[in-house]
Amino acid sequence: MLYGVKDLRIEGTPTPRVEAGEVLVKVKAATTCGTDLKIFQRGYVEKIIKLPTIFGHEWAGEVVEVGEGLEWPEKGMRVRAGNSAPCLHCTMCQKGKYNLCENMIWLWGAYAEYIKIPARMVLVNTQEIPTHVSYEEAAITEPLACVLHGAEEAGIKLGDSVAIIGAGPIGLLHLLTAKKIGVEKAIVIDLVEERLNFAEKLGADETINAGKTDVPEAVRKLTNGYGADVVIEAIGLQASWEQALKLVRKGGTVLEFGGCPPGTEIRVNPEMLHYGEVTVMGAFHTTPLHFRKALNLIASRTIDVRPLITRRMKLEEIREAFEILATSKSEIKIAINP
Ligand SMILES: [Zn+2]
Ligand SMILES: [Zn+2]
């Protein structure tokens, strides 16, 4: 149970009772996420998570109970679901912007033995996992879905150069996705050498250590003096959001992907937008379509997420897991197995 910043407690809770249309799942694997770490370290956004709550949102498991009135899924089925389900009838949903749904429901509670899928989520955002895909791989569907949505919005194309700020789990998923789209050059920027080495192993063409190098200059050097076609910020800090603006070429796109702390403001140079025709955009969360795409890409190993799991721990060790994530330089994602 998460009670507040750095206040994670292990407690017994009753197994959720299943009502009509709901499904109970025995969690087989949950994966830690940058969002979890951010909420653990610096607080939360009330709209998305209400405390205290069972923590964690990336998971997969086995159906143990199916509520009345459902023809699908079946008991014993391997599934993943959530972490969100749009209402499908608000104005945003009617515009096709399901990720911006006014009545979105969110599901927390992955770091537990059992998790209950709400009725709407059973219908809108639950998928069966193919037998050759492990539970921990399937759990990574959620962050990959967010990344796919962002990459689509940014319009990354075959032959583009892409600069990614941040080599955490999200930055690395952006790297894997950009490489599959067929970018000419993927440049990864981070402060931690171990993470840059890891990015190289995953296919980064160039890496830049922001602690040792002038980043805008280095990116220009790697892009014939122009800057990258697409820049992706995958950290969520004012400084890196502003830095992203300095790495893009004229006519290029900046995707500000990482969520900043509330109240953050950034400075944008209007000349860059006007004379330089730079597009600066944000991307939030993802849609049920992208959840399906993400699981399919994981299942076909088109995007192989297995290397991102760098450690496995037990549910009882969850606090330790977050301490490790907060301090480690080399851990990417920890799979939590109840
Ligand atoms: Zn996540
Ligand atoms: Zn809606």
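Definitions and cut-offs
- Residues numbered from 1 in each chain as written.
- Chains lettered and ligands numbered in written order.
- Predicted model: local features only at pLDDT ≥ 70, side-chain atom pairs only at ≥ 80, totals over all residues.
- Heavy atoms only, no water.
- Helix = DSSP H or I, 4+ residues; strand = E, 2+ residues; numbered from the N terminus.
- Contact = heavy atoms within 4.5 Å.
- Pairing = 2+ DSSP bridges.
- Axes fitted to C-alpha atoms, helices over the stretch in contact; angles between N-to-C directions.
- Salt bridge = Lys/Arg side-chain N within 4 Å of Asp/Glu carboxyl O.
- Donors = N, O, S within 2.8 Å, 3.2 Å for Na, K, Ca; no water.
- Buried < 20%, exposed > 50% of the residue type's maximum accessible area, 1.4 Å probe, protein only.
- Arc of directions from axis to C-beta.
- Tetrahedral: all angles 85-135°; square planar, octahedral: opposite > 155°, others 65-115°.
- Core = buried A, V, L, I, M, F, W, Y, C linked by side-chain atoms within 4.5 Å.
- Phe/Tyr/Trp six-rings, centres within 6.5 Å; stacked < 30°, edge-to-face > 60°.
- Lys NZ or Arg CZ within 6 Å of the ring centre and 35° of its normal.

Student: Can you explain the environment of Lys 26? Please cite residues and give values.
Tutor: Along the chain, the position of Lys 26 falls in strand E3 (residues 23-31). For the pair Lys 26 and Arg 42, spaced 16 residues apart in sequence, the C-alpha to C-alpha distance is 30 Å. Those residues in contact with Lys 26 that sit more than four places away from it in its chain are Ala 60, Gly 61, Glu 62, Val 64, Glu 113 and Tyr 114.

Student: Talk me through the sheet that holds strand E11 (residues 185-190); I want residue IDs and the actual numbers.
Tutor: The parallel open sheet is built from 6 strands, whose spatial order is E12-E11-E10-E13-E14-E15. Edge strands, defined here as strands with exactly one partner in the open sheet, are strand E12 (206-209) and strand E15 (279-282). Averaged over all neighbouring strand pairs, the angle between strand axes comes to 15°, with direction disregarded. In terms of strand pairing, strand E13 (residues 228-233) meets strand E14 (residues 248-256) through 5 bridges, oriented parallel. By the bridge assignment for E14, Val 231 is matched with Val 254. Packing of helix H8 (residues 215-222) onto the sheet brings it into contact with E11, E12 and E13, and relative to E12 it is tilted by some 165°. Where helix H9 (residues 238-245) meets the sheet, it contacts strand E10 (161-165), E13, E14 and E15, and its direction lies at approximately 155° from that of E14.

Student: Any details on the pattern of salt bridges? Residues and values, ideally.
Tutor: Counted under the stated rule, the structure contains 14 salt bridges. The partner of Lys 28 in a salt bridge is Glu 62, with the nearest N and O atoms 3.8 Å apart. Here Glu 62 lies in strand E4 (residues 58-66) and Lys 28 lies in strand E3, a separation of 34 residues in the sequence. Ionic pairing is found between Asp 229 and Arg 249, a salt bridge with its closest N-O pair at 2.4 Å. Here Asp 229 is found in strand E13, whereas its partner Arg 249 is found in strand E14, with 20 residues between them in sequence.

Student: Residue-level account of the coordination of the zinc ion (ligand 2), with values.
Tutor: The coordination sphere of the zinc ion (ligand 2), as far as protein atoms go, consists of Cys 87 (SG), Cys 90 (SG), Cys 93 (SG) and Cys 101 (SG), spread over 2.3 to 2.4 Å. Between consecutive donor residues of the zinc ion (ligand 2), the sequence gaps follow C-x2-C-x2-C-x7-C. Of this pair, Cys 87 sits in the loop between strand E6 (84-85) and helix H2 (91-94) while Cys 101 sits in the loop between H2 and strand E7 (105-106); the two residues are 14 residues apart in sequence, bridging distant segments of the chain. Of the two residues examined, Cys 87 and Cys 101, each falls in the buried class.

Student: Provide a residue-level description of helix H12 (residues 318-327), including the pertinent values.
Tutor: Among all positions of H12, only Ile 318, Ala 321, Phe 322, Ile 324 and Leu 325 are buried. Seen along its axis, H12 keeps its buried residues to an arc of 160°; they face one direction. Those residues of H12 that are buried are in contact with strand E2 (7-8), helix H1 (34-42), strand E16 (309-314) and strand E17 (333-337).

Student: Break down the coordination of the zinc ion (ligand 1) for me, with residues and values.
Tutor: Every protein donor of the zinc ion (ligand 1) is accounted for by Cys 33 (SG), His 57 (NE2), Glu 58 (OE) and Glu 142 (OE), and the metal-donor separations fall at 2.2 to 2.4 Å. Taken together, the 4 donor atoms coordinating the zinc ion (ligand 1) and their angles of 85 to 168° define a geometry best described as irregular. Linear spacing of the donor residues for the zinc ion (ligand 1) on their chain is C-x23-H-E-x83-E. Here Glu 58 lies in strand E4 and Cys 33 lies in the loop between E3 and H1, a separation of 25 residues in the sequence. Taken as a pair, Cys 33 and Glu 58 share a single burial class, namely buried.

Student: Describe the nonpolar core, listing the residues and the values that go with them.
Tutor: Taken as a class, soluble globular proteins show a tendency for nonpolar side chains to be buried jointly. Membership of the largest hydrophobic core comes to 50 residues, with the highest contact counts inside it found for Ile 156, Leu 172, Leu 173, Leu 175, Ile 232, Phe 257 and Leu 308. Going through the elements one at a time, helix H4 (135-139), helix H5 (141-154), E10, helix H6 (169-181), E11, helix H7 (193-201), E13 and helix H11 (288-299) are the ones with two or more residues in this core. It is H5 that provides the largest number of residues to this core, a total of 7 residues. Setting aside residues up to four positions removed in sequence, Leu 172 forms contacts with Ala 167, Phe 198, Ala 199, Leu 202, Leu 308 and Ile 332. Counting 35 residues, the second-largest nonpolar core is a separate cluster that includes Leu 2, Phe 55, Met 77 and Val 124.

Student: Tell me about the packing of aromatic side chains, and please be specific about residues and values.
Tutor: Under the criterion given, the structure shown has 6 aromatic pairs. Through a chain of ring-to-ring contacts, three or more aromatic side chains come together here, namely Phe 40, Phe 55, Trp 108, Tyr 111 and Phe 322. Over the aromatic face of Tyr 114 sits the side chain of Lys 26, whose NZ or CZ is 5.2 Å from the ring centroid.

Student: Hey, could you go over unusual backbone geometry for me, with residue numbers and the actual values?
Tutor: Here the amide bond leading from Trp 72 into Pro 73 is cis, since omega sits at 0°, within 30 degrees of zero. Of note, Pro 73 is situated in the loop between E4 and strand E5 (78-81). A cis amide bond links Gly 82 with the next residue in sequence, Asn 83, at an omega value of 15°. Even without being glycine, Glu 277 reaches a positive phi, approximately 50°. Mapped onto the secondary structure, Glu 277 falls in the loop between helix H10 (270-274) and E15.

Taken by themselves, the reported measurements are silent on function.
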